Amino acid sequence: MIISGSASQSLSAELAAELDEALAPVEFERFPDGELIARVGDVSPDRAVVVASTPTSDAHLELLQLQDAAREAGASEVVTVLPYMGYARQDAAFEPGEPVSARAVARAVSAGSDRTLVVNPHEDAVLDFFDPAATAVDASPRLAEPLPAALSDPLFLAPDEGAVDIATAVRDAYGQGETDFFEKTRHSGVDVEVTPSDAAVAGRDVVVVDDIIATGSTMSEAVAVLSDRGAARVFVACVHPLLARSAPTKLSRAGVEAVYGTDTLERAASAVSVAPSLAEYL
Ligand code: R5P
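Quick look at the packing of aromatic side chains now. Counted according to the given criterion, the structure contains 2 aromatic pairs. Note on Phe-156 and Tyr-174: the rings are 5.7 Å apart at their centroids and 50° apart in plane angle, and the pair reads as tilted. With Phe-156 in strand β8 (residues 155–158) and Tyr-174 in helix α4 (residues 164–174), this residue pair connects regions lying 18 residues apart in the sequence. Tyr-174 matches Phe-156 in its accessibility class, with the two residues each being buried. With a centroid separation of 6.3 Å and 15° between ring planes, the pair formed by Phe-235 and Tyr-260 is classed as stacked. Residue Phe-235 is located in strand β13 (residues 233–241), and its partner Tyr-260 is located in strand β14 (residues 258–262); the two are separated by 25 residues in the primary sequence. For Phe-235, a relative accessible area of 2% gives the class buried. On the accessibility criterion, Tyr-260 (15% relative accessible area) is buried.

Written as structure tokens, this is what we have:
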């Protein structure tokens, strides 16, 4: 049985169809004091797969409640799927006094889970914060699916070196093209500087690939540089289209042709489903 968090309802339906498993009825409400309650109807005593992205603190709390409801109803196994794991990027105490938020979250999720899957975590090291260690599911090759069939001399570009593997995975799935990466310096949460490589981009279609678009600062800087250098069309693709604050506007102003993401987060840009990738592990 698939049990969906409120932020993962489309993906959960896709996954239920993919696995030919039932989709549990769920209700999300609040008590008069503001506290959340996530209710699950008709939990079968078989395996429960709780699918819940956690882009907000409320979504984290819902997930813990859904796991508990599944246990309470006698599920034989609780598998937790984090399509998008919130707080994963605070994976170290970067300044004295800071928490390792990813570890705190992983510990809480582990308490209610027999097995946990995480789609493209920002760093694989966060998987070890879970007990037992979580399994990474790489959905990045699916980002090739919505790209136009006839890209002109395509270049698959990572906006920083850390995203080279994802850019290469998308290039490999697309079937042709070069890969390259920019250097990135982050001055603050929203102030990012990218230093272009020597790659010739004039007249070429460029696909900029990253694991996540959050504020859109990284991608919009990269797109602007590419547009200035005469790229024909610039597409951006990411696994997690968080697209917070004014990210869509920043990208449009920079001259992006199209934004493609997956349904780990349900946004207008969520062009592909990670359900087939998850199904391989379920
Ligand atoms: C950083 O290493 C990540 O791969 C992304 O580049 C970053 O988190 C994107 O954030 P933003 O959209 O806020 O620039």
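Now that the structure has been shown, we can carry on.
Glancing now at helix α6 (residues 247–254). The complete set of buried residues in α6 reads Ala-247, Leu-251 and Ala-254. Viewed end-on, α6 has its buried residues packed into an arc of 65°, placing them on one side of the element. Across from the buried face of α6, at angles greater than 90 degrees, the exposed residues are Ser-252 and Arg-253. Structurally, α6 contributes buried residues whose contacts are with β12 (205–213), α5 (217–228) and β14. Just beyond α6, the residue with positive phi is Gly-255, at close to 105°.

Let's shift gears to the site of the ligand. In the region of the ligand, 14 residues are neighbours, and Asp-210, Asp-211, Ala-214, Thr-215 and Thr-218 sit closest. Residue Arg-89 places a side-chain N or O atom 3.1 Å away from an oxygen atom belonging to the ligand. Within the backbone of Ala-214, an N or O atom sits 2.8 Å from an oxygen atom of the ligand. Judged by the proximity of its atoms to the pocket grid, the ligand belongs to the largest pocket. Listed by contribution, the elements that provide at least two residues to the shell around the ligand are β10 (183–186), β12 and α5. Among the elements that line the shell around the ligand, the one with the most residues is β12, at 4 residues. Of the residues that constitute the shell around the ligand, the class distribution is 3 nonpolar, 5 polar and 6 charged.

In this section: the packing of α5 against α6. Put simply, α5 and α6 touch, their axes get as near as 8 Å, and they point 5° apart. The orientation of α5 relative to α6 falls into the category roughly parallel. For the pair α5 and α6, contact is made by Ser-217, Met-219, Ser-220, Val-223, Ala-224 and Ser-227 and by Lys-250, Leu-251 and Ala-254, respectively.

Moving on: the domain arrangement of the protein chain. Examined at the domain level, the protein chain breaks down into domain 1 (2–138) and domain 2 (140–263). Taking only C-alpha atoms, the centre of domain 1 and the centre of domain 2 are 29 Å apart. Taken together, the contact between domain 1 and domain 2 spans 10 residues of the former and 10 residues of the latter. Where domain 1 abuts domain 2, roughly 840 Å² becomes buried across the two surfaces, and 54% of that area is made up of carbon and sulfur atoms. Remark: the boundary between domain 1 and domain 2 carries 0 salt bridges. Where domain 1 packs against domain 2, one counts 4 residue pairs in polar contact (both at pLDDT 80 or more). Taken together, the residues of the side of domain 1 that touches domain 2 break down into 5 nonpolar, 2 polar and 3 charged.

A separate point is the layout of surface pockets. In this structure, the largest pocket occupies an estimated 1,400 Å³ of space. As for the largest pocket, its lining consists of 49 residues, of which Ala-88, Arg-89, His-122, Asp-211 and Ile-212 are closest to the centre. Here the lining of the largest pocket is composed, by residue class, of 20 nonpolar, 17 polar and 12 charged. Looking at which domains feed residues into the lining of the largest pocket, each of domain 1 (2–138) and domain 2 (140–263) supplies at least three.

Thresholds, definitions, all that
Residues numbered from 1 in each chain as written. Predicted model: local features only at pLDDT ≥ 70, side-chain atom pairs only at ≥ 80, totals over all residues. Heavy atoms only, no water. Phe/Tyr/Trp six-rings, centres within 6.5 Å; stacked < 30°, edge-to-face > 60°. Helix = DSSP H or I, 4+ residues; strand = E, 2+ residues; numbered from the N terminus. Buried < 20%, exposed > 50% of the residue type's maximum accessible area, 1.4 Å probe, protein only. Arc of directions from axis to C-beta. Contact = heavy atoms within 4.5 Å. Near = heavy atom within 4 Å. Polar contact = N/O pair within 3.5 Å; in protein donor to acceptor, adjacent residues only side chain to side chain. 1 Å grid on protein atoms, 1.4 Å probe; cavity = no way out; pocket = protein on both sides within 12 Å on 5 of 7 lines; lining within 4 Å. Sits in = over half its atoms within 2 Å of the grid points. Nonpolar A, V, L, I, M, F, W, Y, C, P; charged D, E, K, R; others polar. Axes fitted to C-alpha atoms, helices over the stretch in contact; angles between N-to-C directions. Parallel < 35°, antiparallel > 145°, perpendicular 65-115°, else oblique. Domains from an automatic or database assignment. Buried area = accessible area lost by both parts, 1.4 Å probe. Salt bridge = Lys/Arg side-chain N within 4 Å of Asp/Glu carboxyl O. Points joined across faces, edges and corners; volume = space filled by probe spheres on them.

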